[in-house]
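Residue-level structure breakdown
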Amino acid sequence: QVQLVESGGGLVQAGGSLRLSCAASGSIFSINAMGWYRQASGKQRELVATSRSRGRTNYADSVKGRFTITLDSAKNAVYLQMSSLKPEDTGVYYCNADIQTSFWGPKYNEYWGQGTQVTVSS
């Protein structure tokens, strides 16, 4: 069993910054990738950023240059540094992980956190 817990959300003014954290715990053999998704009210969930262990990062065009994702596989954690925040960044941010839970089991298993609210006021 794997659990993801997000933290760091809150209310900030436009132009401000926030740092989101996500920690994975439970049965973890190896982490393939971790990332962040968000869902604004009345809209579909969308990719924000992803990172593979010792691999490439990927960002949505809307956040490129403002957000930075960092994957720390040794700590089973991923972080999202958000700067120059805009009202359109408002939404619930979800941590996502692709994890192999044991040597014997499947390599790819997807998990989601409960989400953390980010609100950017104008």
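Everything in this summary refers to the structure shown in the same document. (Residues numbered from 1 in each chain as written. Predicted model: local features only at pLDDT ≥ 70, side-chain atom pairs only at ≥ 80, totals over all residues. Heavy atoms only, no water.)

1. What to know about the state of the cysteines
- Considering all chains together, one arrives at 1 disulfide under this definition.
- At a sulfur-sulfur separation of 2.0 Å, the disulfide partner of Cys-22 is Cys-95. The sign of the -85 degrees torsion about the S-S bond sets the Cys-22-Cys-95 disulfide as left-handed. Of this pair, Cys-22 sits in strand S3 (residues 18-26) while Cys-95 sits in strand S9 (residues 91-100), and the two are 73 residues apart along the sequence. An identical accessibility class is assigned to Cys-22 and Cys-95; each is buried. (Disulfide = S-S within 2.5 Å. Helix = DSSP H or I, 4+ residues; strand = E, 2+ residues; numbered from the N terminus. Buried < 20%, exposed > 50% of the residue type's maximum accessible area, 1.4 Å probe, protein only.)

2. Looking at the packing of aromatic side chains
- This structure, assessed with the given rule, holds 3 aromatic pairs.
- With 6.2 Å between their ring centres and 70 degrees between their planes, Phe-29 and Phe-103 make a pair best called edge-to-face. You can see Phe-29 sitting in the loop between S3 and strand S4 (30-39) and its partner Phe-103 sitting in the loop between S9 and strand S10 (110-112), a full 74 residues away along the chain.
- Ring centres of Phe-103 and Trp-104 lie 5.1 Å apart, and the angle between their planes is 85 degrees; this geometry places the pair in the edge-to-face category.
- Judged by its relative accessible area of 54%, Phe-103 is exposed.
- One aromatic cluster in this structure is built from Phe-29, Phe-103 and Trp-104.
- For the cation-ring pair, Arg-19 lies above Tyr-79, with the distance from its terminal atom to the ring centre recorded as 4.2 Å.
- The side chain of Lys-107 reaches across the aromatic face of Tyr-108, ending 5.7 Å from its centre. (Phe/Tyr/Trp six-rings, centres within 6.5 Å; stacked < 30°, edge-to-face > 60°. Lys NZ or Arg CZ within 6 Å of the ring centre and 35° of its normal.)

3. Focus on unusual backbone geometry
- With phi around 55 degrees, Asn-76 is a residue other than glycine that occupies positive phi space.
- Counting through the fold element by element, Asn-76 comes out in the loop between strand S7 (67-72) and strand S8 (77-82).
- Residue classification places Asn-76 among the partly exposed residues on the basis of a relative accessible area of 21%.
- Positive phi, close to 50 degrees, is recorded for Ser-84, a residue that is not glycine.
- As for its position among the elements, Ser-84 is in the loop between S8 and S9.
- A residue is classified by how much of its surface remains accessible, and Ser-84, at 40% relative accessible area, is partly exposed.

Without other data, these values stay purely geometric and don't point to any function.
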